[in-house]
Amino acid sequence: MKKDIILAGVGGQGILSIAACIGLAALAENLFLKQAEVHGMSQRGGAVQSHLRIASDPIASDLIPEGKADLIISVEPMESLRYLPMLHRNGWIISSMNPFVNIPDYPQVEVVLDEIWKQNRYITLDADAIAKECGSVKSANIVVLGAASPFLDLKYETLQNAVMQLFASKGDDIVELNLKALQAGKEYALKHS
Amino acid sequence: MLGDEAIAQAAIDAGVSGVYAYPGTPSTEIMEYVQVSDQAKELQIRSLWSANEKTAMETALGMSYAGKRAMVCMKHVGLNVAADAFINSAITGANGGLVVIAADDPSMHSSQNEQDSRFYGKFALLPILEPGNQQEAYDMTYYAFNLSEQLRLPVLLRITTRLAHSRSGVEVKPLRAQNTLQLPGNLRQYVLLPAIARKQYKALLGKQDAMEIEAEQSGFNQYFEGENKRMGLVVCGLAYNYVMENYPDRKCPYPIFKIGQYPVPRQMMNRLYEECDSILVLEDGYPIVEELLRGMLDKGKLIRGRMDGALPRDGELNPNLVASALGLPVSVGNPIPGIVRNRPPKLCDGCGHTDAFLALNEAMKKYGKGRVFSDIGCYTLSALPPLESINSCVDMGASITMAVGAADAGLIPAVATIGDSTFTHSGMTSLLDAINNKAPITVLILDNSTTGMTGGQTSSAFGKIEDICKGLGVEEEHLHIIRPLRRYHDENVEIIKKELEYHGVSVIIPRRECIQTLNRRMRQKASARKLAKS
Ligand SMILES: Cc1ncc(C[n+]2csc(CCOP(=O)(O)OP(=O)(O)O)c2C)c(N)n1
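Residues numbered from 1 in each chain as written. Chains lettered and ligands numbered in written order. Predicted model: local features only at pLDDT ≥ 70, side-chain atom pairs only at ≥ 80, totals over all residues. Heavy atoms only, no water.

Chemist: Explain the sheet that holds strand β12 (residues 302–304) of chain B to me, using residue names and the numbers behind them.
Modeler: All names here are of chain B. Strand order in the open sheet made by the five strands is β7-β9-β8-β11-β12, with mixed pairing throughout. Across the chains shown, the open sheet's two edge strands, defined by having one partner strand only, are β7 (222–224) and β12. Each strand of the sheet is rotated relative to its neighbour by a mean of 20°, with strand direction disregarded. The pairing of β7 with strand β9 (residues 256–259) spans three bridges and is classified as antiparallel. Paired with Phe-224 across the bridge in β9 is Ile-256. (Pairing = 2+ DSSP bridges. Helix = DSSP H or I, 4+ residues; strand = E, 2+ residues; numbered from the N terminus. Axes fitted to C-alpha atoms, helices over the stretch in contact; angles between N-to-C directions.)

Dropping the structure here:
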């Protein structure tokens, strides 16, 4: 088993939480893991990405080779497109449709979505709306993780456990909220893939 | 663990007594790990931030003098600041184990340049370790303390951003006891008077062979056989992973000399050179090993690497760059669609720096653009639209002194903007120069009460800025503290305007807590309250 994942978003949108969940789940399943994170400058509202690799055999490089990622998981639609050169031709894009507009020349969101929809395989979802239904828009990143969950080759229960572990310190309400978000994202993906 | 965390844990396990550092991406997380480690607390490992890298290096040297193990961590440009202490520490030598961590940033993810710290190691004539993965980062740090105590020399460990900030599982070693207080056997060892320094320098030169032998025997330089001798690979640090990534069965057909410790053992290099028709050198950073191999005239075997275009001259390596240098097919994905816009980093919503620069911009209108020297920190982002306020960012502390020089040249008024942490890092001596020069400059010390850019570490300047300024000789009537808030905008503009007209040193301190640390404090308070309730 081997999954190479690009996580994408804007600094502050919570892609490191997604990475942490997948990482915890991978460790629980005794998989090897490498994760290249972005710290520093670009965390200030800039484009951020993380390379996450999980596999049953040891992993050599911290970076995924171009054109070889199995998945792009993005919490922002334009950011999912920025890493297309990394994606394998048969790879999936799992992206939120909600734009994060913090630059003056952000393109029309329809144009952005059209570009995603031109790709081979994708799931786009209104993660903010789904998260709001679950209780708080703050869990949109976990909704996106839920939508990616059928593609990760990880047991859904280990992902649930990872979410519980990650949010445990924030109280039961927050754990419940994020488990709901994870489930809602997963259901959306199963209906729309 | 992150590579940074592996280094921190290894130092704890190796019996370090003090870790010294000034924050700087990608090295910051080493110290942060020690600061929150319960184990480090229990062991009473000293772990407070220093004012800058030079003071950190010197404090570590002092701890080593007293016989205990010390580690000092910095980003690559920090080693420029600490260089005087670092280079001379090679002449004094170490008593307790002394390990210096320099974190390079090839591709300049968060830096002004991509200088290669291995040059400093070579320059200082010290051993260098270069881990290729998180486990090696751990193992080498642990070993570095031994090596330092065995050779009685500081040891440099060089990492890069990619290793510092990527995670993988790490196996740890048993905890060693810390050293006890023990003065150096020779109480003149650290007195670098010429007569003593000459002797010490000879001793350092005399240890070079032992350093090379150690690099051959430690196991961190490895030779891997390969059937295809048309090419031999010299691979430093992380580059080894990129080679292996290209051979899914992890079997590279070419012989490989994998370098993790310097000085490079000549015997091992010679074996590869003799065995193979040509050599490909793969290293992150500058082509240091490649240059050594080519020599000045490059008249030997065909050598390929960064200097002949087999690999780009700048930027970090990756699996695909290495694939093409190996002559392997390179995978490609789809191109980035034309509609994708750049998204550069920017000041946070609610950041006080924005209001400070809006006021400065307005006050400067009368004088036109090109007069604002700045420094390194979040506020450097004010160079970009929409603010476009500043005209320089060179090295920490340079804003004030560059303004002095420009004013000397006739650019009056000249302005300097500098963050609070940068001010105590290297701005205080600059301000002293300005005052002694009676320079007609206006200095804005942007006080967000933290070291913002690197994630909000305690700033050495906290609560001390006015007193420092007064102590250095800033006149009280030209020292102002303002609130960088929209509602005080007009008032602030007036103060800045007035001081721009003053023909001497003025200091204005826009003070408002960083929005990130403020939010963090609020969140911590809220969860503490929740905890108390339940
Ligand atoms: C010699 C050196 N050390 C460390 C750094 C890393 N660094 C860049 S900005 C910065 C923080 C500056 O803090 P401050 O001056 O308070 O400004 P703020 O980011 O809070 O606005 C640091 C530590 C560097 N660039 N150069």
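Chemist: Which residues make up the pattern of salt bridges, and what are the values?
Modeler: Going through the model one piece at a time under the given rule, you end up with 36 salt bridges over all chains. With a closest N to O distance of 2.7 Å, Glu-245 of chain B and Arg-53 of chain A form a salt bridge. Taken together, the residues span two chains, with Glu-245 of chain B in helix α12 (residues 239–245) and Arg-53 of chain A in strand β3 (residues 47–55). With a relative accessible area of 12%, Glu-245 of chain B lands in the buried category. One salt bridge connects Glu-275 of chain B with Arg-271 of chain B, and the closest N-O pair in it is separated by 3.1 Å. Taken together, the positions of Glu-275 of chain B and Arg-271 of chain B, both in helix α13 (residues 266–275) and four residues apart, correspond to about one turn of that helix. For Arg-271 of chain B, a relative accessible area of 33% gives the class partly exposed. (Salt bridge = Lys/Arg side-chain N within 4 Å of Asp/Glu carboxyl O. Buried < 20%, exposed > 50% of the residue type's maximum accessible area, 1.4 Å probe, protein only.)

Chemist: An account of the site of the ligand is requested, with residue identities and associated values reported.
Modeler: Residue and element names in this part refer to chain B. Near the ligand, the surroundings consist of 26 residues, among which Glu-53, His-353, Asp-420, Thr-422 and Gly-452 are the closest. In the model, an oxygen atom of the ligand is placed 2.9 Å from a nitrogen or oxygen of the Met-453 main chain. Protein coverage of the free-state accessible area of the ligand, which is 580 Å², stands at 97%. If you list the elements that add at least two residues to the shell around the ligand, you get α5 (76–81) and α18 (420–436). In terms of residue count, α18 provides more of the shell around the ligand than any other element does, four residues in total. Counted by class, the shell around the ligand contains nine nonpolar, 14 polar and three charged residues. Structurally, the shell around the ligand is a two-domain feature, drawing no fewer than three residues from each of domain 1 (3–206) and domain 3 (352–518). (Near = heavy atom within 4 Å. Polar contact = N/O pair within 3.5 Å; in protein donor to acceptor, adjacent residues only side chain to side chain. Areas by Shrake-Rupley, 256 points an atom, 1.4 Å probe, with all protein chains shown as cover. Nonpolar A, V, L, I, M, F, W, Y, C, P; charged D, E, K, R; others polar. Domains from an automatic or database assignment.)

Chemist: Outline helix α11 (residues 208–217) of chain B, listing residues and values.
Modeler: All names here are of chain B. Buried residues of α11: Gln-208, Met-211, Glu-212, Glu-214 and Ala-215, and no others. Down the axis of α11, the sector holding all buried residues measures 160°, keeping them to one side. Among the exposed residues of α11, those oriented more than 90 degrees off its buried face are Asp-209 and Gln-217. Where α11 is buried, its residues contact α8 (134–151), α10 (194–206), β10 (261–262) and α13. Positive backbone phi, approximately 95°, marks Gly-219, located one or two places after α11. (Arc of directions from axis to C-beta. Contact = heavy atoms within 4.5 Å.)

Chemist: Could you give an account of helix α4 (residues 53–65) of chain B, naming the residues involved and the relevant values?
Modeler: All names here are of chain B. Taking 1.5 Å of rise per residue, the 13 residues of α4 would be expected to cover 18 Å, and the 18 Å separating its terminal C-alpha atoms lies within 8% of that figure. Of all the positions in α4, only Glu-53, Ala-56, Met-57, Ala-60, Leu-61, Met-63 and Ser-64 are classed as buried. Considered in projection along α4, the buried side chains sweep an arc of 160° and stay on one side of the axis. Looking at the buried positions of α4, the neighbouring elements they touch are β1 (18–21), β2 (70–75), α5, α6 (83–92), β3 (98–104) and α18. Where α4 begins, the capping side chain belongs to Asn-52, and its oxygen is found 2.8 Å from the backbone nitrogen of Lys-54. Note on α4: the residue one or two positions beyond its end, Gly-67, has a positive phi of about 95°. (Expected span 1.5 Å × (residues − 1).)

Chemist: An account of the confidence of the model for chain B is requested, with residue identities and associated values reported.
Modeler: Taken as a whole, chain B shows an average pLDDT of 97; of its residues, 100% reach a score of 70 or greater. Interface confidence for the predicted complex, expressed as ipTM, amounts to 0.93; the pTM equals 0.96. (pLDDT = per-residue confidence, 0-100.)

Chemist: Tell me about the sheet that holds strand β15 (residues 441–446) of chain B, and please be specific about residues and values.
Modeler: Paired through backbone hydrogen bonds, the strands of a sheet run either parallel or antiparallel to each other. All names here are of chain B. Spatial ordering of the open sheet is given by β13-β14-β15-β17-β16, a layout of five strands whose pairing is parallel. Only two strands of the sheet have a single neighbouring strand rather than two, namely β13 (372–373) and β16 (479–482). Here β15 pairs with strand β17 (residues 506–510) via three bridges, running parallel. Considered in β17, the bridge of Leu-444 is made with Ile-508. Packed on one face of the sheet, helix α19 (residues 465–472) meets β15, β16 and β17 and runs near 165° to β16.

Chemist: Tell me about the interface of chain A and chain B, and name the residues and values.
Modeler: Listed as interface residues are 46 residues of chain A and, on the opposing side, 44 residues of chain B. Our count for the contact surface shared by chain A and chain B stands at five salt bridges. A salt bridge links Arg-341 of chain B to Asp-105 of chain A, with the shortest nitrogen-to-oxygen separation between them at 3.8 Å. When its residues are assigned to classes, the side of chain A that touches chain B shows 22 nonpolar, 10 polar and 14 charged. Pairing geometry for strand β2 (residues 32–36) of chain A and strand β6 (residues 166–167) of chain B, over two bridges, is antiparallel. Directly across from Ala-36 of chain A, in β6 of chain B, lies its bridge partner Ser-166 of chain B.

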